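Architecture and fold: a report
Spelled out, the chains give:
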Amino acid sequence: MIAENHQIAYRNVASKLYNFLPEEIDIALKDFDTILTDHGYHPTGPIFFTIISDPTAEVMTAEIFLPIAESQFSIPKEEEVNFRSYFYVNNLLSTRVIDDFDAQSQVKYWELFDYMKEHRLTQKTPVFVQFKKTNSNRTYAEMSLGVL
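My aim in this report is to walk through the structure given alongside it, one point at a time. (Residues numbered from 1 in each chain as written. Predicted model: local features only at pLDDT ≥ 70, side-chain atom pairs only at ≥ 80, totals over all residues. Heavy atoms only, no water.)

With antiparallel pairing, the six strands of this closed barrel are ordered in space as β1-β3-β2-β5-β6-β4. The sheet shows a mean angle of 45° between the axes of neighbouring strands, direction not considered. The pairing of strand β5 (residues 123-133) with strand β6 (residues 139-147) spans eight bridges and is antiparallel. In the strand pairing of β6, Lys132 is matched with Tyr140. In this fold helix α2 (residues 101-118) packs onto β1 (3-20), β4 (82-97), β5 and β6, with an angle of close to 85° to the strand it touches most, β4. (Pairing = 2+ DSSP bridges. Helix = DSSP H or I, 4+ residues; strand = E, 2+ residues; numbered from the N terminus. Axes fitted to C-alpha atoms, helices over the stretch in contact; angles between N-to-C directions. Contact = heavy atoms within 4.5 Å.)

Structure (C-alpha cells):
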C-alpha cells in the first residue's frame, strides 16, 4: 500500500555521506551514531537515510541523518558531518517494510516508482528510509519518495 502526502520533519539534524556495500549498511549506521555520541551529541529521533545511488549498484551511496538535542554543532572537519537546524521534506509517497527487510526493501522501492509513474508524478527527492517502532516495540522501515 502506498500513502500520499507524507512528510519528514526534524529540528537539529546531523548528516554524513557514506559509500558501502548494501550488506554493510549496519556498519555505516553504527559508525555515524558513534561519531555523534563520541562528540557529546544526543539523538532525539530515529536514524534515517536517503539512497542516492541506484539501489542495485554494487556500492551504495547514502546520506545518513540523525536528529540531535543540541542546537549548537561543532565537529572536526575530518569527520565530514553536516548540520541542519531544520530538516523538512513534504509531498512524499510512503510505504512500509515490516518483515524481511533485505528482500522486501527492493520490492517496496520499485512499488514507489511504479506508483509515481502510474499517477504521472515527477520525482523530486531520492528515496528516504526511516527505521521506526510500533507501540508493541516491533521495528519496521518506512520508505518515502518525494514527488510533484
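Another aspect to go through is the packing of aromatic side chains. As enumerated under the stated definition, the model contains 15 aromatic pairs in all. Ring centres 6.0 Å apart and planes at 40° place the aromatic pair Phe49 and Phe131 in the tilted group. Here the residue Phe49 occupies a position in strand β2 (residues 48-51), and Phe131 occupies one in strand β5, the gap between them amounting to 82 residues. Here Phe49 falls in the buried class, since its relative accessible area comes to 3%. Classification of Phe131 as partly exposed rests on a relative accessible area of 25%. Arranged with centres 4.9 Å apart and planes meeting at 10°, the rings of Phe73 and Phe83 form a pair that is stacked. Here Phe73, found in the loop between β3 (60-67) and β4, pairs with Phe83, found in strand β4; they are 10 residues apart in sequence, far enough to count as distant. (Phe/Tyr/Trp six-rings, centres within 6.5 Å; stacked < 30°, edge-to-face > 60°. Buried < 20%, exposed > 50% of the residue type's maximum accessible area, 1.4 Å probe, protein only.)

This paragraph deals with the side chain of Lys108. In this fold, Lys108 is placed in helix α2. We classify Lys108 as buried; its relative accessible area is 14%. When near neighbours in sequence (up to four residues on either side) are disregarded, Lys108 contacts Met1, Thr95, Arg96, Val97 and Met143.

The next point concerns the pattern of salt bridges. Counted under the stated rule, the structure contains five salt bridges. A single network of salt bridges, built from pairs that share partners, joins Arg96, Lys132 and Glu142. (Salt bridge = Lys/Arg side-chain N within 4 Å of Asp/Glu carboxyl O.)

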